[in-house]
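Structural description and commentary
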Amino acid sequence: MSTSEKPTTSSTITTPTDREIRIERIFNAPRGRVWRAFTDPELVAQWWGRGNKLVIERMEVERGRHWRYVEHGPDGVHGFEGRYREVAPQERVVQTFEWDGMPGHVAVETATFEDLGDGRTKVVTTSRNAQGHGRVGTGYGWCFFSVSGAHPPQDTSGSDTIEEVMFNFLRTLPIAVLSFTLGACSSAPARQGGAADVHALTGAHTRLVWVQGDGTDPFAVTNRLILMGLDTDDGRGERAILEQRGSYVKPMLTPRGDRIAYSTHPDFGDPSVHIVNFVGSGLRRFDRGFVLDVWEDPADGGEWIFIGADQRGAGFTTVTRVRIDEPWRREQVWNGQAISADTFQVSPAGTIAGGLFPWPAAGVADLTTGTWRQFGEGCWTALNDVGAPIFWYFDGAHRNLTMVDVNRDRRWTLPINRAPGFDNPEVYHPRWTNHPRFMAMSGPYNQGGANQVRSGGTQSEVWMGRFSDDFTRIEAWARATNNAGGDSYPDVWVDRAQSSYPQRASGRVGTTGEGEEKSPNRVVAEARLVSAGAIPTPDSIAPYRNALVVNTYEIVNLIEGELEGRQLLVAQWAIREAQVLNDARKPAGQVYRLTVERYEAHPELEGERLIQGSDLPNLPLYYEVES
């Protein structure tokens, strides 16, 4: 127990114990006005945020109620929150203080207000580390920001407005206090593993959320999952946000990156929407329905959740957007064609949305007119704006995105299963992040069996990719997770203000020559079946009702067309209308007459389930056209 005292012309800072900081200051203002400066959200926002933008998400100055502030600074977004333990108006406030970057490190703060009887007020604030780890690296609410807050350059000691009084208070506190209060706040912990790789990919503070199971539930349909997260800047690595086993479907980071919205699966009754802080606190049921997307209103920065209701099959016929912090503000934006739950994404302007209407009809909805336009068939759609709206849908092979320039109806194919160490596996859950240069997915799915994705497995991790400037390829990859569980449904928030990668394309988007009809390159041949692909059961491919299986042939006699080499990969129908075809199972070694054309020359197949093993030779894929 030691006490050090550092007097200044207007304040006294002491450290009564090795776990406390005490600041005493006399204000040239009546107590009522000083109290208002500490408890009025509009005034607090002027002095608490170190001169940065401060969003007061909640400030309920009553015993047992909650406060939460989010600071938007050049070094990223920082969330702070706590509970009011005592509130005696104009006399005393006791509250807890916790920083998102160091969850679990809680300070208890006390502020007392003494009327000196001559128009002046003495305020004493004490911050005490509740964990007993010393003063450094904990963070202290009022004391912390009193030291490091913004202030005007001029001397305002003669001010008579409470706003100026508070600014003067901040200006005159000695910088010495900063040295033992800012500790861990002033620099990010060293990044390792997935955090380092992701930060190297994005160049910015990045957060991820996903669900994790034992590898047997890649579709997140059970209630045996946990909610996981990773923050590149907090030094904690991947960890459980909600570790109690439950149903966590389609978790999504809100636009500021500090909260997560997720749904419970409809199979467990009426689906409901829940919100939890990224650090795991503040869990609450928000509304009925299913989370379709989150969105930031460009007009005022308000955060909204798009919620699906009136379930029809696997889709919802009604979509309402609800403001997160003012849930009484809600607007119905869609009522009609059913929208599949997993793959709805709203444009930054909030006027259009990509989705399935329902699966497998992939298209873009105009939320202002209530109409939609189909662009193809597939799954896991996404939409973003890169200077023009770009839409994608995932193919039935679970390997490629079909990218569409919505305004020009130009399209191109982009493989997403070529991350380092991948060997032509299936991947799943592709999703565009809030920054259009980055996407996330899960994979690889390569454990054998007739349906790779449904085989699941604990080898499935969360990956991030960075699009090239023209959005024709993934130019770099980062593996975000490395654990013993099966990871799925990732969503990612990138601090766009920090990232050096532009959000808009600088030139042409898409490949040249797209839109031209592809040559079918017809081949007629007698060929011997070398190996037959595994045929799934109809139930295992649901909701797909049709499936093609890729078989490997060796040419015996080339009758028509040209072909390099002697081997041929051929996609042949195995399941139609949920029934295995009689001639689908073919014995190896038998010779067949085949008439085939290049698979990509048949766009009608893009939404069909394509089953192909990961050990196939690297050859062009053909489709049997006479079967």
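Anyway, here's the lowdown on the structure attached to this text.

1. A closer look at empty space enclosed by the protein
Space left empty within the atom packing is revealed by a probe, the size of a water molecule, rolled over the atoms. One pass over the full model with this rule turns up 5 cavities of 30 Å³ or more. Of the pockets and cavities examined, the largest cavity occupies roughly 80 Å³. Taken together, Lys250, Pro251, Met252, Asp342, Trp380, His429, Arg431, Tyr489, Pro490 and Asp491 make up the lining of the largest cavity. Where the lining of the largest cavity is concerned, the elements lending two or more residues are strand 13 (249–253), strand 29 (426–432) and strand 33 (486–494). Per-class residue counts for the lining of the largest cavity are 5 nonpolar, 1 polar and 4 charged. The volume enclosed by the second largest cavity comes to roughly 70 Å³. Every residue lining the second largest cavity is counted, 13 residues in all, and those nearest its centre are Gly215, Asp217, Pro218, Gly486 and Asp487. A per-element tally of the lining of the second largest cavity places strand 33 first, with 3 residues. A class-by-class count of the residues in the lining of the second largest cavity yields 2 nonpolar, 8 polar and 3 charged.

2. Overview of the sheet that holds strand 28 (residues 410–415)
Overall, antiparallel pairing links the 4 strands, which are arranged 25-26-27-28 in an open sheet. Sheet topology places strand 25 (379–385) and strand 28 at the edges, where each strand pairs with a single neighbour. With strand direction ignored, the average angle separating the axes of adjacent strands in the sheet is 20°. As defined by bridge partners, strand 25 adjoins strand 26 (residues 389–394) across 5 bridges and the pair is classed as antiparallel. Note that in strand 26 the partner of leucine 383 across the bridge is phenylalanine 391.

3. Section: the pairing of strand 24 (residues 371–377)
Pairing between strand 23 (residues 361–366) and strand 24: 6 bridges, direction antiparallel. Counterpart to alanine 365 in the pairing with strand 24 is tryptophan 372. Between strand 23 and strand 24, which pair antiparallel and follow one another directly, the connecting turn spans 4 residues, one of which, glycine 370, has a positive phi of 75°.

4. Here we look at the sheet that holds strand 14 (residues 259–263)
A sheet is described by the order of its strands in space; here 4 strands give the open sequence 13-14-15-16, paired in antiparallel fashion. Looking at the sheet topology across the chains shown, the edges are occupied by strand 13 and strand 16 (284–288). Averaged over all pairs of adjacent strands, the angle between strand axes in this sheet comes to 25°, irrespective of strand direction. Note that strand 13 and strand 14 share 3 bridges and pair antiparallel. Note on strand 14: the bridge partner recorded for valine 249 is serine 263.

5. Structural notes on helix 6 (residues 193–202)
Think of an α-helix as turning once every 3.6 residues; residues three or four places apart then point the same way. Residues Gly194, Ala195, Val198, His199, Leu201 and Thr202 constitute the buried set of helix 6. Within helix 6, the buried residues cover an arc of 155° as seen down the axis, which keeps them to one side. The elements touched by buried residues of helix 6 are strand 10 (206–213), strand 11 (225–231), strand 30 (438–445), strand 31 (461–467), strand 32 (474–479) and strand 33. Once helix 6 finishes, glycine 203 follows within two positions and takes phi at roughly 70°, a positive value.

6. Observations regarding the packing of aromatic side chains
By the definition in use, this model includes 26 aromatic pairs. Ring geometry for phenylalanine 394 versus tyrosine 428: centroids 6.5 Å apart, planes at 50°, classification tilted. You can see phenylalanine 394 sitting in strand 26 and its partner tyrosine 428 sitting in strand 29, a full 34 residues away along the chain. For the pair formed by phenylalanine 394 and tyrosine 428, the shared burial category is buried. Clustering of aromatic rings is evident, with ring pairs tying together Phe219, Trp380, Phe394, Tyr428 and Tyr489. It is arginine 321 that lies over the ring of tryptophan 304; its NZ or CZ is 5.5 Å from the centre. One Lys or Arg, arginine 598, reaches over the ring of tyrosine 622 and ends 5.7 Å from the middle of that ring.

7. Here's the deal with the pattern of salt bridges
Across all of its chains, the model carries 43 salt bridges by this definition. For glutamate 331, the salt bridge goes to arginine 321, with nearest N and O atoms at 2.8 Å. On the criterion of sequence distance, the pair formed by glutamate 331 in strand 20 (residues 330–340) and arginine 321 in strand 19 (residues 315–323) is long-range, its members being 10 residues apart. By relative accessible area, which is 32% here, glutamate 331 ends up partly exposed. A salt bridge links arginine 323 to glutamate 326; the nearest nitrogen and oxygen atoms lie 2.9 Å apart. With relative accessibility at 12%, the residue arginine 323 sits in the buried group. Several salt bridges share partner residues, and in doing so they unite Glu57, Arg68, Glu81, Asp100, Arg256, Asp258, Arg259, Glu303 and Asp325 into one network.

Definitions and limits used
- Residues numbered from 1 in each chain as written.
- Predicted model: local features only at pLDDT ≥ 70, side-chain atom pairs only at ≥ 80, totals over all residues.
- Heavy atoms only, no water.
- 1 Å grid on protein atoms, 1.4 Å probe; cavity = no way out; pocket = protein on both sides within 12 Å on 5 of 7 lines; lining within 4 Å.
- Points joined across faces, edges and corners; volume = space filled by probe spheres on them.
- Helix = DSSP H or I, 4+ residues; strand = E, 2+ residues; numbered from the N terminus.
- Nonpolar A, V, L, I, M, F, W, Y, C, P; charged D, E, K, R; others polar.
- Pairing = 2+ DSSP bridges.
- Axes fitted to C-alpha atoms, helices over the stretch in contact; angles between N-to-C directions.
- Buried < 20%, exposed > 50% of the residue type's maximum accessible area, 1.4 Å probe, protein only.
- Arc of directions from axis to C-beta.
- Contact = heavy atoms within 4.5 Å.
- Phe/Tyr/Trp six-rings, centres within 6.5 Å; stacked < 30°, edge-to-face > 60°.
- Lys NZ or Arg CZ within 6 Å of the ring centre and 35° of its normal.
- Salt bridge = Lys/Arg side-chain N within 4 Å of Asp/Glu carboxyl O.

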